[in-house]
Amino acid sequence: MNEIGLKCVSCQSEWPIEQHYECPACGGILEVSYKVEGSGGKEFSPFLPLDKQELISLGEGMTSLIPSQRIAKEIGLEHLSFKCEFMNPTGSFKDRPVSIGISMAKKFGYKRVIVASSGNGAGSVSAYAARAGMEAVILVPESTPIEKVRQAQFYGASVIKVPGPYSHCFSLAKETGEKLQMCNLTTTFLNPYTVEGDKTVAYELINQLEGKVPDIIFIPIGAGPLLAGIYKGYEEYNQFQSTNRMPRMAGIQAEGCNPIARAFLEERNEVQSVAHPHTLAGGIGDGLDGYAKDGTHTLTLIRQSKGFSLAVTDEEILQAQSWLAQYEGLFVEPSAAAALAGLITSVKEGRMKKTERAVVVLTGHGLKDMSCLKAKEPPVISTVDEVATFLKKKEDKKWQDSVLPK
Ligand SMILES: Cc1ncc(COP(=O)(O)O)c(C=O)c1O
Ligand SMILES: [Zn+2]
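Residues numbered from 1 in each chain as written. Chains lettered and ligands numbered in written order. Predicted model: local features only at pLDDT ≥ 70, side-chain atom pairs only at ≥ 80, totals over all residues. Heavy atoms only, no water.

**Focus on the site of ligand 1**
Around ligand 1, 17 residues are found, and the nearest of them are Asn 120, Gly 222, Gly 224, Leu 226 and Thr 363. In the environment of ligand 1, an oxygen atom lies 2.7 Å from a nitrogen or oxygen atom belonging to the backbone of Gly 222. A distance of 2.8 Å is found between an oxygen atom of ligand 1 and a backbone nitrogen or oxygen belonging to Gly 224. Taking 390 Å² as the accessible area of ligand 1 by itself, protein coverage stands at 96%. For the shell around ligand 1, the residue count by class is 7 nonpolar, 8 polar and 2 charged. (Near = heavy atom within 4 Å. Polar contact = N/O pair within 3.5 Å; in protein donor to acceptor, adjacent residues only side chain to side chain. Areas by Shrake-Rupley, 256 points an atom, 1.4 Å probe, with all protein chains shown as cover. Nonpolar A, V, L, I, M, F, W, Y, C, P; charged D, E, K, R; others polar.)

**Observations regarding the sheet that holds strand S3 (residues 30–35)**
Working definition: the strands of a sheet are paired by backbone hydrogen bonds and lie parallel or antiparallel to each other. The sheet built from 3 strands is open, its strands ordered S2-S1-S3 with antiparallel pairing. In the strand order of this sheet, the two ends are held by strand S2 (14–15) and S3, each with one partner. As paired elements, strand S1 (residues 3–8) and S3 share 6 bridges and run antiparallel to each other. Within S3, the position partnered with Cys 8 by the bridge is Leu 30. (Pairing = 2+ DSSP bridges. Helix = DSSP H or I, 4+ residues; strand = E, 2+ residues; numbered from the N terminus.)

**What about the side chain of Thr 279?**
Topologically, Thr 279 is positioned in the loop between helix H9 (259–265) and helix H10 (292–304). For Thr 279, the side chain forms a polar contact with the main-chain nitrogen of Ala 281, separated by 2.9 Å. Here the side chain of Thr 279 touches Asp 314 through a polar contact of 2.8 Å, side chain to side chain. Among residues more than four places away in sequence, those in contact with Thr 279 are Ala 254, Cys 257, Gly 285 and Asp 314. (Contact = heavy atoms within 4.5 Å.)

**Structural notes on the coordination of the zinc ion (ligand 2)**
Around the zinc ion (ligand 2), the donor atoms from the protein are Cys 8 (SG), Cys 11 (SG), Cys 23 (SG) and Cys 26 (SG), and they sit 2.2 to 2.4 Å away. Coordination at the zinc ion (ligand 2) comes from 4 donor atoms whose angles at the metal span 103 to 116°, giving a geometry best classed as tetrahedral. One chain supplies every donor to the zinc ion (ligand 2), and in sequence these donors are spaced C-x2-C-x11-C-x2-C. With Cys 8 in strand S1 and Cys 26 in the loop between S2 and S3, this pair connects stretches of sequence that are 18 residues apart. Taking relative accessible area as the criterion, Cys 8 reaches 0% and is therefore assigned buried. (Donors = N, O, S within 2.8 Å, 3.2 Å for Na, K, Ca; no water. Tetrahedral: all angles 85-135°; square planar, octahedral: opposite > 155°, others 65-115°. Buried < 20%, exposed > 50% of the residue type's maximum accessible area, 1.4 Å probe, protein only.)

**Some points on the packing of aromatic side chains**
Counted by the stated rule, this structure contains 5 aromatic pairs. With a centroid separation of 6.1 Å and an interplanar angle of 70°, the aromatic rings of Phe 47 and Phe 240 are classed as edge-to-face. Pair noted here: Phe 47 is in the loop between S3 and strand S4 (65–67) and Phe 240 is in helix H8 (residues 225–241), with a separation of 193 residues, a long-range link. Taken individually, Phe 47 and Phe 240 each receive the classification buried, so the pair is uniform in this respect. An angle of 55° between the planes, with centres 5.8 Å apart, marks the rings of Phe 108 and Tyr 193 as tilted. Taken together, the positions of Phe 108 in the loop between helix H2 (95–107) and strand S6 (112–116) and Tyr 193 in the loop between strand S9 (183–184) and helix H6 (194–198) put the pair 85 residues apart, joining distant regions of the chain. For Tyr 193, a relative accessible area of 0% corresponds to the buried category. Here the aromatic cluster, defined as three or more aromatic residues joined through ring pairs, consists of Tyr 34, Phe 47 and Phe 240. (Phe/Tyr/Trp six-rings, centres within 6.5 Å; stacked < 30°, edge-to-face > 60°.)

**Examining the environment of Phe 331**
With respect to the element layout, Phe 331 can be found in the loop between helix H11 (314–328) and helix H12 (334–348). On a C-alpha basis, the gap between Phe 331 and Ala 202 in space is 23 Å, while along the polypeptide they are 129 residues apart. Residues contacting Phe 331, with those up to four places away along its chain left out, are Phe 86, His 365, Gly 366, Leu 367, Met 370 and Leu 373.

**Here's the deal with the pairing of S6**
Burial analysis of S6 places 4 of its 5 residues in the buried class, the great majority of the element. Relative to strand S7 (residues 135–141), S6 runs parallel, the two being bridged by 5 bridges. When the sheet's bridge partners are listed, Val 115 is paired in S7 with Ile 138. Running through helix H3 (residues 120–132), the crossover from S6 to the neighbouring parallel element S7 is right-handed. (Right-handed = clockwise from strand over helix to strand, strands pointing away.)

As structure tokens, this is what we get:
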């Protein structure tokens, strides 16, 4: 059995496996640390802070890795695949961190959980709380897409809208959780167990790519725990195998909410929060107001991986979203499409070579945010002639539109 505990990423102090939200010594971010012996020829199995029978699961993970059919060819990439996290049970990658976080909450004896969420964590926590027989309190920004709000409500959770940006939900959840004894499952770096769920993406990529490590992984980031989790997964695998092959991590943000990308481009070591985020990609619209240190942690990992962070415009995000749907058959929400927009910018700016093996993580389903889709009402037609005329018009238009940037 591996030795396991919590460790502070700032002061390196160690703590037992209990529900903490920050280092009791210095207030730093805590992560789960495993003392791992080398493999000695054993097969790798995931390092997790709980036993399989303690896991509250809805079948999360094991999502498809789909090679690009057309986008890769159009932009001249040799190896591009999409890790389809929107195929998780509630439609986003958040099912991974929430499954582990809520299992630990149950193990520690909590009856109630709370989360501050931009909408996807809301759906996950509501579903997994229903599964676990726990009560869930969900705080979302007022601007959260109606699909995400209704999804969370329908699982039976108490959903509350909070005025202002996501950071207001974050601070209210923190205070409410403390005062009313609820386990806080907010998937920033607050709850150290949730990142353990994020890291299972790396384990799956290792199997799906038959041991090959991608040169670069594109991930849409808010505070960045998904990026940190995937990086941690590769690190732990290397530790077990006594190897040292790490991917470069590309953390993609929206221009209207770019605290990490800005610090990276300005070559600063500290991330500064953004007080008034403005982007239609709500999942990555986290200005980190009050917890900029989370962004600094992600920035440090990005630099350590020799990767980079950049921001894309809402227009580029919507363009990437429609390319994914129309050229690959993959329908994702804007925050997820930001990762592909980031890859396209990286190719244009020469941040990656066209021969490199790239993975784009598609984090959330398109059905979760339908109001951003600019689609016309379909025509009402009842004769074959009208169908033929309609199709003819559509065909002409399709060929005009179908050019991706070289
Ligand atoms: C669809 C989507 N993509 C990406 C992210 C950002 O992930 P993280 O909070 O791990 O940085 C979120 C966060 O809510 C999200 O909902
Ligand atoms: Zn500390």
